[in-house]
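Understanding the architecture of this molecule
Spelled out, the chains give:
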Amino acid sequence: MGVGPTVDKLLKDYKGKIRLVVKMNPYKYRDFSHIAAEAVLAARDQGRFWEMHQLLLKKSPQLDRNSLVRYAQELGLDVKKFTESLDTKKNANTIERDKQLAISLDLYETPAFFINGRKVTGNRPYDYFKKTIDEEMKSVRQ
Amino acid sequence: MKKLLIFLSLVFVASISFAQDKRYEVPVGDSPGYGQANAPVTMIEFIDYQ
C-alpha cells in the first residue's frame, strides 16, 4: 500500500478541495483481501469507515480475521455486530458490485484512481497526483 | 507524400493527447469516503487492503 501516505498528504494539502471515494477491488488470490474489504464496510455500517480504512492501511498485510476483530475492538466498535458482518459476508454484494465496476473500467491493478474521471494507476509519486489535481482545479475555476 | 506524412503524424499526436484526456464515468453511488460531496475534485480509489 505504498500510495497511502501520498493520499493522506493530498487530503491534508487540499483540505476541502478533494473528496475521496473508496471502492473495493480485492484480488481473488490474496488471503485477506476479501475479508479486509468486509471489515472496512462493516465499520462503515457503524459510521466508522475512515478510522478503519486508515488502520487497515497501517496494519496491512496483517489482516487475518483475529487481527481485524482486534482492530474493531481498538476502534470501539460493536464487536459482536462487526464479527457477524464479517462471518456472514454481509457486504459481499457491495464488494461484488465494485469489482464488476472495476472490470468494466478495465482495471487489473490496484491502487487505481479516477481524478474527476481521469485514470491514474499504480504507485505514482505525489507530484504526479498534484499535477493532475491542479489541472482539475484550474479547469473548475474557469 | 510529405504532406500526408505530416497529416498522419498530427493525427497520431492528437489521438495520444486525446487518450490522456479521456474521462471515465465512474458512479460514486453509496461508496464510503472522506471529504465534502461538493468538493471541486473527486478522487475515486479502487483499493485492495492487502
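Relevant structure appears above.
This section reports on the structure supplied with the text. Fair warning: this is a prediction, and the values are worked out from it, not measured in the lab. (Residues numbered from 1 in each chain as written. Chains lettered and ligands numbered in written order. Predicted model: local features only at pLDDT ≥ 70, side-chain atom pairs only at ≥ 80, totals over all residues. Heavy atoms only, no water.)

1. Let's talk about the packing of aromatic side chains
Evaluated as defined, the whole model comprises six aromatic pairs over all chains. Geometrically, the ring pair formed by Trp-50 of chain A and Tyr-34 of chain B is stacked, given 4.3 Å between the ring centres and 25° between the ring planes. Taken as a pair, Trp-50 of chain A in helix H3 (residues 49-59) and Tyr-34 of chain B in strand E1 (residues 33-34) lie in two separate chains rather than in one. Residue classification places Trp-50 of chain A among the buried residues on the basis of a relative accessible area of 15%. With a relative accessible area of 36%, Tyr-34 of chain B lands in the partly exposed category. (Phe/Tyr/Trp six-rings, centres within 6.5 Å; stacked < 30°, edge-to-face > 60°. Helix = DSSP H or I, 4+ residues; strand = E, 2+ residues; numbered from the N terminus. Buried < 20%, exposed > 50% of the residue type's maximum accessible area, 1.4 Å probe, protein only.)

2. Structural notes on the pairing of strand E2 (residues 41-47) of chain B
A large share of E2 of chain B lies buried, amounting to seven of its seven residues. Along E2 of chain B, one buried face is formed by Val-41, Met-43, Glu-45 and Ile-47 of chain B and the opposite face, lined by Thr-42, Ile-44 and Phe-46 of chain B, is buried too. Of the pairings in the sheet, the one linking strand E1 (residues 18-24) of chain A to E2 of chain B comprises seven bridges and is parallel in character. Residue pairing across strands places Met-24 of chain A opposite Ile-47 of chain B, the latter belonging to E2 of chain B. With four bridges connecting them, strand E2 (residues 112-115) of chain A and E2 of chain B associate as antiparallel partners. Across the sheet, residue Ala-112 of chain A finds its bridge partner in E2 of chain B, namely Phe-46 of chain B. (Pairing = 2+ DSSP bridges.)

3. Some points on the side chain of Lys-23 of chain A
Tracing the backbone through its elements, the reader meets Lys-23 of chain A in strand E1. For the buried Lys-23 of chain A, no salt bridge exists, and the shortest N-O distance to an oppositely charged side chain is 4.4 Å, to Asp-98 of chain A. Engagement of the side chain of Lys-23 of chain A in a polar contact is seen with the backbone oxygen of Pro-27 of chain B, the distance being 2.8 Å. If near-sequence neighbours (up to four positions away) are discounted, Lys-23 of chain A is found in contact with Asp-98 and Leu-101 of chain A together with Pro-27, Val-28, Gly-29, Ser-31, Ile-44, Glu-45, Phe-46 and Ile-47 of chain B. (Lys, Arg positive; Asp, Glu negative; His and termini not counted. Salt bridge = Lys/Arg side-chain N within 4 Å of Asp/Glu carboxyl O. Polar contact = N/O pair within 3.5 Å; in protein donor to acceptor, adjacent residues only side chain to side chain. Contact = heavy atoms within 4.5 Å.)

4. Regarding empty space enclosed by the protein
Per the counting criterion, the structure on display carries one cavity of 30 Å³ or more. Approximately 60 Å³ is the volume found for the largest cavity. The wall of the largest cavity is formed by ten residues, among which Gly-4, Val-7, His-53 and Leu-57 of chain A together with Glu-45 of chain B lie closest to the centre. Broken down by element, the lining of the largest cavity gets its largest block of residues, four residues, from H3 of chain A. Here the residues of the lining of the largest cavity sort into five nonpolar, three polar and two charged. (1 Å grid on protein atoms, 1.4 Å probe; cavity = no way out; pocket = protein on both sides within 12 Å on 5 of 7 lines; lining within 4 Å. Points joined across faces, edges and corners; volume = space filled by probe spheres on them. Nonpolar A, V, L, I, M, F, W, Y, C, P; charged D, E, K, R; others polar.)

5. Focus: the interface of chain A and chain B
On the chain B side, the residues contacting the 55 residues of chain A number 29 residues. When chain A packs against chain B, close to 4100 Å² is buried across both sides, 59% of that on carbon and sulfur atoms. Considering only the side of chain A, the residues that lose the most area to chain B are Arg-19, Val-21 and Lys-23 of chain A, jointly responsible for 19% of the buried surface there. At the boundary of chain A and chain B, one finds three salt bridges. Between Asp-48 of chain B and Arg-30 of chain A there is a salt bridge, and its shortest N-O distance comes to 2.5 Å. In this structure, the connection of chain A to chain B is made through 30 residue pairs in polar contact (both at pLDDT 80 or more). If you list the elements that add at least two residues to the side of chain A that touches chain B, you get helix H1 (4-13), E1, helix H2 (33-45), H3, helix H6 (92-104), E2, strand E3 (118-121) and helix H7 (126-141) of chain A. Of all the elements, E1 of chain A adds the most residues to the side of chain A that touches chain B, at seven residues. Considering only residue class, the side of chain A that touches chain B consists of 36 nonpolar, eight polar and eleven charged. (Buried area = accessible area lost by both parts, 1.4 Å probe.)

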